[in-house]
Amino acid sequence: MKRKLYESLIEPLELELVSMARWANARGERICVLLEGRDTAGKGGTIQAISERLNPRQCRVVALPKPNERESSQWYFQRYVPHLPAAGEIVLFDRSWYNRAGVERVMGFASDEQVQTFLDQAPIFEQMLVEDGIHLFKYWLSCSQESQEERFAERIADPLKRWKLSPIDAAARSRYADYTIAREAMFAATHTRHAPWTVVDYNNQRHGRLTLIRDLLDRLPHVEVPVEKIDWPRLSEKPLTEQFTSLVPLPPYPVDRETAED
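Calculation rules
Residues numbered from 1 in each chain as written. Predicted model: local features only at pLDDT ≥ 70, side-chain atom pairs only at ≥ 80, totals over all residues. Heavy atoms only, no water. Helix = DSSP H or I, 4+ residues; strand = E, 2+ residues; numbered from the N terminus. Rg over C-alpha atoms; globule rule 2.2 N^0.38 Å. Buried < 20%, exposed > 50% of the residue type's maximum accessible area, 1.4 Å probe, protein only. Contact = heavy atoms within 4.5 Å. Areas by Shrake-Rupley, 256 points an atom, 1.4 Å probe, with all protein chains shown as cover. Lys, Arg positive; Asp, Glu negative; His and termini not counted. Charge placed at Lys NZ, Arg CZ, Asp CG, Glu CD. Pairing = 2+ DSSP bridges. Axes fitted to C-alpha atoms, helices over the stretch in contact; angles between N-to-C directions. Expected span 1.5 Å × (residues − 1). Polar contact = N/O pair within 3.5 Å; in protein donor to acceptor, adjacent residues only side chain to side chain. Phe/Tyr/Trp six-rings, centres within 6.5 Å; stacked < 30°, edge-to-face > 60°. Parallel < 35°, antiparallel > 145°, perpendicular 65-115°, else oblique. Left-handed = near helix turned anticlockwise from the far one by under 90°. Nonpolar A, V, L, I, M, F, W, Y, C, P; charged D, E, K, R; others polar.

Participant: Please clarify how the overall build of the chain should be interpreted in this entry.
Facilitator: Helix and strand counts for the chain stand at eleven helices and five strands. The C-alpha atoms of the chain give a radius of gyration of 24 Å, which is well past the 18 Å a tight globule of 262 residues would have. Dimensions of the chain, computed from C-alpha atoms along their principal axes, come out at roughly 75 × 50 × 45 Å. In the chain, which comprises 262 residues, the share counted as buried stands at 40%. Partitioning the contacts of the chain with sequence separation of at least 6, the portion at a separation of at least 24 is 78%. On the chain, roughly 16,600 Å² of surface is accessible, and the fraction owed to carbon and sulfur atoms is 53%. In the chain, 35 positive and 39 negative side-chain charges are present, and the distance between their average locations comes to 3 Å.

Participant: Which parts of the structure should I look at to understand unusual backbone geometry?
Facilitator: Most of the time, phi is negative for any residue but glycine, and the peptide bond is trans. Phi at threonine 40 is positive, roughly 75 degrees, even though this residue is not glycine. As for its position among the elements, threonine 40 is in the loop between β1 (30–37) and α2 (43–51). Here threonine 40 falls in the buried class, since its relative accessible area comes to 4%.

Participant: Just to check I follow, could you spell out the pairing of β1 for this structure?
Facilitator: Looking down a regular strand, the side chains alternate between one sheet face and the other. Among the eight residues in β1, eight count as buried, and that is most of the element. Burial along β1 is two-sided: Arg30, Cys32, Leu34 and Glu36 and Ile31, Val33, Leu35 and Gly37, pointing in opposite directions, are all buried. As defined by bridge partners, β1 adjoins strand β4 (residues 134–142) across eight bridges and the pair is classed as parallel. What sits directly across from glutamate 36, in β4, is tryptophan 140.

Participant: Looking at this model, I keep getting lost on the sheet that holds strand β2 (residues 59–62). Mind explaining?
Facilitator: What holds strands together in a sheet is hydrogen bonding between their backbones, with the strands either parallel or antiparallel. Strand order in the open sheet made by the five strands is β2-β3-β1-β4-β5, with parallel pairing throughout. At either end of the open sheet lies a strand with only one pairing partner, and these are β2 and β5 (197–201). Between one strand and the next, the sheet's axes are offset by a mean angle of 20 degrees, whatever the strand orientation. As judged from the five bridges shared by β1 and strand β3 (residues 90–94), these two strands associate in the parallel manner. Opposite isoleucine 31, over in β3, you have isoleucine 90 as the bridge partner.

Participant: Explain helix α9 (residues 205–218) here, please?
Facilitator: Since there are 3.6 residues in each turn of an α-helix, residues three or four apart along the chain are aligned in direction. Taking 1.5 Å of rise per residue, 14 residues should cover 20 Å, and α9 covers 20 Å from first to last C-alpha, within 8% of that figure. Listed as buried for α9 are Gly208, Arg209, Leu210, Leu212, Ile213, Leu216 and Leu217. Residues of α9 that are buried make contact with α1 (3–27), β1, α2, β4 and β5. The opening residue of α9 is asparagine 204, an N-cap whose side-chain oxygen sits 3.3 Å from the backbone nitrogen of arginine 206.

Participant: For this particular structure, what's the right way to read the packing of aromatic side chains?
Facilitator: Any two aromatic rings considered together are summarised by their centre-to-centre distance and by the angle between their planes. Tallied over the full model, the rule gives 15 aromatic pairs. Between the aromatic rings of tyrosine 76 and tyrosine 80, the centroid separation amounts to 5.9 Å while the plane-to-plane angle is 55 degrees, which identifies the pairing as tilted. There is no split in this pair, since tyrosine 76 and tyrosine 80 are both buried. A centroid spacing of 4.8 Å and a plane angle of 70 degrees characterise the contact between tyrosine 98 and tryptophan 197, whose relative ring orientation is edge-to-face.

Participant: Would you take a moment to explain the packing of helix α5 (residues 112–131) against helix α8 (residues 176–190) for this structure?
Facilitator: When two helices pack together, their arrangement is given by the angle between the helix axes and the distance between those axes. Two numbers describe how α5 lies on α8: the axes approach to 9 Å, and their chain directions differ by 45 degrees. Between α5 and α8, the interaxial angle falls into the category oblique. The two elements α5 and α8 cross, and the hand of that crossing is right-handed. For the pair α5 and α8, contact is made by Leu119, Ala122, Pro123 and Glu126 and by Met186, Ala189 and Thr190, respectively. Class assignment of the residues belonging to the contact of α5 with α8 gives a composition of five nonpolar, one polar and one charged.

Participant: Help me out: how do you make sense of the side chain of glutamate 29 in this one?
Facilitator: You can see glutamate 29 is positioned in the loop between α1 and β1. For glutamate 29, a relative accessible area of 13% corresponds to the buried category. Apart from the residues lying within four places of it in its own chain, the contact partners of glutamate 29 are Trp23, Ala24, Ala86, Ala87, Gly88, Glu89 and His135.

Okay, structure coming up:
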């Protein structure tokens, strides 16, 4: 998809996102979006596309690092609970509690017993969130191994994108099939009526973003909230630049501190 076409299609969606955020703020709604998928699938670009035009005080991005020693001793879901949305907030999880069913399982960071406990508890945990009124959306961004390899190569070649690569990414390349097996087990255990998974094709990332955002907007009530009128005061009759003509001009930068004190 050409950039010009993409920009023409994303603009009306951005307007709808702003309208949705205004509705959430006015009604005190809580929106939680989980973005999962393979490395390089396009989670970061999608999060940027959703949040770019929204108030950062209202729309938060959560991308938690590796758990520390204390967090590793807690109930698994505990470290995610403080990041859940409050009234009027939109929270976008760049990976979520589903790390346990994905990377932790495949890379051996969690035992089989821990993974099974997670798969048993996740639907219950999510049901509590939904019953409490949180709008919960779970998206899996899907891409082929060929697309993934092309994007890895692009990141290696681009100094501005190389920070996205990690030792885990390198180790995961040879485990594409293992991730597929883990994903299918995760879907089987956690694709529920109250918190279903939505799989989006991200072999074309721009098309994938448009599809995901359209789906997200369609799943929320479309309620127009009037834009609050702002009483904008008139400027004084005298232009601001003329009010300060008598001020002493600032010295050139940098200023010698000792000279300035004298």
